[in-house]
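Residue-level structural notes
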Protein chains: 2
Amino acid sequence: MSRPKPLSGFPEFLPAQRIVEQLVLASLAQTFELHGFGSIETRALEPMAQLARKGEIDKEIYVVRRLQAERHGAGSAADELGLHFDLTVPFARYVLENSGHLNFPFRRYQIQKVWRGERPQEGRYREFAQADIDVVGQDTLAAHHDVEVARVILEALERLHTDFGVPPVLMRVNNRRLAEGFYRGLGIDDHLAVLQRVDKLDKIGPDAVRALLTGELGLSDEVAGRCLELATISAPDSSFVDRVRSLGITHPLLDEGLDQLAAVVDAGVAAAPGRIVADLKIARGLDYYTGTVYETELAGFEHLGSICSGGRYDSLASDGRTSYPGVGLSIGVTRILVPLLAKGTLTASREVPSCVLVAVDSEETRREADVVAARLRARGIPTEVAPRADRFGKQIRYADRRGIPFVWFSSGEVKDIRTGEQVPADPDVWEPPAEDLRPGVQGS
Amino acid sequence: MSRPKPLSGFPEFLPAQRIVEQLVLASLAQTFELHGFGSIETRALEPMAQLARKGEIDKEIYVVRRLQAERHGAGSAADELGLHFDLTVPFARYVLENSGHLNFPFRRYQIQKVWRGERPQEGRYREFAQADIDVVGQDTLAAHHDVEVARVILEALERLHTDFGVPPVLMRVNNRRLAEGFYRGLGIDDHLAVLQRVDKLDKIGPDAVRALLTGELGLSDEVAGRCLELATISAPDSSFVDRVRSLGITHPLLDEGLDQLAAVVDAGVAAAPGRIVADLKIARGLDYYTGTVYETELAGFEHLGSICSGGRYDSLASDGRTSYPGVGLSIGVTRILVPLLAKGTLTASREVPSCVLVAVDSEETRREADVVAARLRARGIPTEVAPRADRFGKQIRYADRRGIPFVWFSSGEVKDIRTGEQVPADPDVWEPPAEDLRPGVQGS
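Residues numbered from 1 in each chain as written. Chains lettered and ligands numbered in written order. Predicted model: local features only at pLDDT ≥ 70, side-chain atom pairs only at ≥ 80, totals over all residues. Heavy atoms only, no water.

Attention shifts here to the overall build of chain A. Helix and strand counts for chain A stand at 16 helices and 19 strands. Structurally, chain A occupies a C-alpha span of about 90 × 60 × 45 Å along its principal axes. Sequence separation of 24 or more characterises 68% of the internal contacts of chain A that already satisfy a separation of 6 or more. As displayed, chain A has an accessible area near 17,500 Å², and 49% of this comes from carbon and sulfur atoms. Counting 53 positive and 64 negative side-chain charges, chain A places the centres of these two groups 5 Å from one another. (Helix = DSSP H or I, 4+ residues; strand = E, 2+ residues; numbered from the N terminus. Contact = heavy atoms within 4.5 Å. Areas by Shrake-Rupley, 256 points an atom, 1.4 Å probe, with all protein chains shown as cover. Lys, Arg positive; Asp, Glu negative; His and termini not counted. Charge placed at Lys NZ, Arg CZ, Asp CG, Glu CD.)

As structure tokens, then:
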């Protein structure tokens, strides 16, 4: 077989890059668990009928069939399976399927690959990892969970920044009730039609949006102007409330939305100062979000688009009798890591877990090296034994090439190969410096 | 939508079961890393041409197509993708693709889901997790790596036994060179034909195997008898060597095989006494293994078949100029966990990560509860805040239902809800008992 070529859109990591990914995923999981979110995993395949419920996305689905079934033309469309394209659809299915065994409000995180048959480009992959958190209630879900998920995610992303040097983020939040109440207070019935056009503000500019609102929707110039004024409000704190109030519109939904959004922003500022803004033009698609909406930019990588998005659903799932409202956010882990690894912004301190290489004098004495290694491992020190009884210079080079910091000799001495310092040591006592015990991530 | 039903063959875990799976996977990864094995992940999809190379397995492959491509009849067979059915084929491809960026011998572990379109039954799933370790060399790979991978896996499985109560294992090992050398020493050319028939010993019994050897292969009764004598040898230590020698056959390959197998068994006995036997009838398929072969039974669950298998390949991969010999083992994690979780052999101590629930007096003072929770989390204590300011009895029941051991009250007291003991505590100082900090696994 000749050398295989990578598949476009299916990024894979070399061992040192994978170490960075492992540490990033472990850090995210740790923050989620500190906040009491438990892990679940769902199967990769869902019935096509389930995946196709959101009409717009079906072009991106990968259909899956057993090779034998296909050859025999068996299997009806109802049996067809597809790879999940996000973690929300399978989570909603999991909640419905297991509702009798779950305690609500149910708080879960989920870190898995998803697949989309999109055209690959920077920040868009066909296979990529997402890290989602959601809180889902039975029939009701209090608004303070909208605050909570923002706080957890900001804390998780801030920790990636401080611990690993991932660039800082800016989370933009808005609230659908706020916009709906404002439009209704202006006497507009079809609030989604307005939202849909205002959502184009960044792309086509205020004049074109105004033309759409007055032309397509027949709004007066004054009403269209008010809609644009609302959309241009943004603030790094709850001062946006007074600015909205000063526009003079009143509606119960507007009050509710303002309260909810202010609570999210205040808590976000407290959790991670400077990382959150209220931005009243954010819409995040039109279909399913019904309250808070979130999107997030990575500083210096704004061209990637949002690396973490989500919102509130009044009905994440429903079985007809019970509805399951939810709120959550999804971090695009692969979307963040691939560019940062490619640019060398993040690097691992070594490419193997090993902290120590035990040198081997001769194949006859390999067993003695094994014993030393076992004694180090018994105290939690990742250790490998040299694969060949080469001359020591070559064995040191073996360690150096992988970034293994210490080489242990049968003389009972250990050498820090970075400094050259070599000291007598007892495998039942010796400890490496804490920062050398496991590989770390260096941000640049 | 009505309540969805599970898909047969695609097991999913409830939150408490998932905690067991997380702890088992983390334990395996930790043992692998202690021995210097680094993690990689490969994409879930491979070109069909790659997956179909082993002819016999193609019936089990899931073919994957973009829905749009399918509708337009586009895409040639050469572009076709399938879900990987093991982690060996993708690893071999990864090694070839990245050989210029890897340091050899390359030691990796890989924990991922794989997919097979088989008929589901106990121990056979359509989606399941495997945990593989392999060592792969460039052109050569020393025999001590056959010893090493057995030792690492035995240590990993023994740790699941002692830490979590997973039943103990019995690893059966054999060596293809040993058998080939023995058959050649008997004057048999087509050693694979003999092996193929001897492999049926457990299924059809010695008389039927003897009939196949004499009938189909035309061996003399005496030669067939010798082949059967070899196959019935098994021993919990290297005493099998003398028993083989006593059969009076000599051949260089036999010597090599005996040495290699004795080294594996001796090291296995040292690493995990009583968990390994030399069993000279083990074959593990015929195609690719060329030296040591391993299979493993779980005590009390022998009907599941082998839960951990592998062997030595002289050529795991080759690009025509360079070949990559390898040796490795694959643990069927899902195959082990699904029956143990179903039987209640393994249970988690709670169903959420939270160690503490901070009670809320009223929605007006929720922020104070948030502050207490943040102070506990700052010291690594997983904490959640009660979702509703219910009466305390109800908040305690919320904790109890999830197995959260401690409830914190605004009075500055913390209650162990298992004992009812309630004591004053400072959120900047209080520590839970170490065993309560995170959920654990209880074996029965």
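Now that the structure has been shown, the text picks up again.
The subject of this paragraph is the confidence of the model for chain A. Predicted confidence across chain A gives a mean pLDDT of 93, with 95% of residues reaching 70 or more. The ipTM assigned to the predicted complex is 0.96, against a pTM of 0.96. (pLDDT = per-residue confidence, 0-100.)

The next subject is the relation of the copies chain B and chain A. The second copy of the chain is related to the first by a rotation about an axis and a shift along the axis. Between chain B and chain A, which share one sequence, the superposing operator has a rotation angle of 180° and an axial displacement of 0.0 Å; the RMSD is 0.0 Å. Taken together, the rotation and translation describe the operation of a two-fold axis. Judged by C-alpha distance, Val64 of chain B is the residue of chain B that lies nearest the rotation axis, at 2.3 Å. (Least-squares fit on C-alpha atoms with pLDDT ≥ 70 in both.)

So, on to the sheet that holds strand 6 (residues 127-136) of chain B. Residue and element names in this part refer to chain B. An order of 1-5-6-12-11-10-7-9-8 is seen for the nine strands of this open sheet, with the pairing classed as mixed. Sheet topology places strand 1 (38-39) and strand 8 (234-235) at the edges, where each strand pairs with a single neighbour. The pairing of strand 5 (residues 106-115) with strand 6 spans ten bridges and is antiparallel. The partner of Phe106 across the bridge, within strand 6, is Val136. (Pairing = 2+ DSSP bridges.)

Here we take up the pairing of strand 12 (residues 323-332) of chain A. Residue and element names in this part refer to chain A. The buried fraction of strand 12 is high, at nine of ten residues. Relative to strand 12, strand 6 (residues 127-136) runs antiparallel, the two sharing seven bridges. Pairing of Asp132 across the sheet is with Ser330, part of strand 12. Taken together, the eight bridges between strand 11 (residues 308-318) and strand 12 define a ladder with antiparallel strand orientation. When the sheet's bridge partners are listed, Ser318 is paired in strand 12 with Ser323. (Buried < 20%, exposed > 50% of the residue type's maximum accessible area, 1.4 Å probe, protein only.)

By the definition in use, this model includes 21 aromatic pairs over all chains. These aromatic residues form a ring-pair network of at least three members: Tyr288, Tyr289 and Tyr313 of chain A. Across the ring face of Tyr398 of chain A, the terminal group of Arg402 of chain A is positioned such that the distance to the ring centre comes to 3.5 Å. Stacked on the ring of Phe37 of chain B, the Lys or Arg Arg107 of chain B has its end atom at 4.6 Å from the ring centre. (Phe/Tyr/Trp six-rings, centres within 6.5 Å; stacked < 30°, edge-to-face > 60°. Lys NZ or Arg CZ within 6 Å of the ring centre and 35° of its normal.)

This brings us to the environment of Ser349 of chain B. Residues and elements named next belong to chain B. Note that Ser349 resides in the loop between strand 13 (346-348) and strand 14 (356-358). Judged by its relative accessible area of 33%, Ser349 is partly exposed. Considered as a pair, Ser349 and Gly285 are 64 residues apart in the sequence and their alpha carbons are 41 Å apart. Setting aside residues up to four positions removed in sequence, Ser349 forms contacts with Pro439, Gly440 and Gln442. Within the structure, Ser349 has its side chain in polar contact with the backbone nitrogen of Gly440 (distance 2.8 Å). (Polar contact = N/O pair within 3.5 Å; in protein donor to acceptor, adjacent residues only side chain to side chain.)

On to the packing of helix 1 (residues 15-34) of chain B against helix 5 (residues 144-164) of chain B, then. Residues and elements named next belong to chain B. Between helix 1 and helix 5, whose axes approach to 9 Å, the crossing angle comes to 140°. Judged on the interaxial angle alone, helix 5 and helix 1 are oblique. Of the two possible hands of crossing, helix 1 and helix 5 adopt the one that is right-handed. Between helix 1, through Leu23, Val24, Ser27, Leu28, Gln30, Thr31 and Phe32, and helix 5, the contact on the second element is made entirely by Val152, Ile153, Glu155, Ala156, Arg159, Leu160 and Phe164. (Axes fitted to C-alpha atoms, helices over the stretch in contact; angles between N-to-C directions. Parallel < 35°, antiparallel > 145°, perpendicular 65-115°, else oblique. Left-handed = near helix turned anticlockwise from the far one by under 90°.)

Contacts between the two partners involve 88 residues from chain B, matched on the other side by 87 residues from chain A. Together, the buried faces of chain B and chain A total about 7,700 Å²; carbon and sulfur atoms form 52% of this surface. Counting across the interface, chain B meets chain A through ten salt bridges. The leading source of residues in the side of chain B that touches chain A is strand 5 of chain B, at six residues. Of the residues contributing to the side of chain B that touches chain A, the split by class is 35 nonpolar, 23 polar and 30 charged. Across five bridges, the pairing between strand 3 (residues 62-66) of chain A and strand 3 (residues 62-66) of chain B is antiparallel. Paired with Tyr62 of chain A across the two strands is Arg66 of chain B, which belongs to strand 3 of chain B. (Buried area = accessible area lost by both parts, 1.4 Å probe. Salt bridge = Lys/Arg side-chain N within 4 Å of Asp/Glu carboxyl O. Nonpolar A, V, L, I, M, F, W, Y, C, P; charged D, E, K, R; others polar.)

All names here are of chain A. Between Phe104 and Pro105 the backbone carries a cis peptide bond, its omega angle lying at -5°. Tracing the backbone shows Pro105 in the loop between helix 4 (88-98) and strand 5 (106-115). Phi is positive for Asp139, close to 70°, though the residue is something other than glycine. By the secondary structure assignment, Asp139 is in the loop between strand 6 and helix 5 (144-164).

As a further point, take the sheet that holds strand 12 of chain A. All names here are of chain A. Strand order in the open sheet formed by nine strands is 1-5-6-12-11-10-7-9-8, with mixed pairing between adjacent strands. Only two strands of the sheet have a single partner each, and these edge strands are strand 1 (38-39) and strand 8 (234-235). Across the sheet, helix 4 is in contact with strand 5, strand 6, strand 11 and strand 12; its angle to strand 11 comes to roughly 30°. Here helix 5 sits on the sheet in contact with strand 5, strand 6, strand 7 (169-175), strand 9 (276-279), strand 10 (289-298), strand 11 and strand 12, set at roughly 15° to strand 12.

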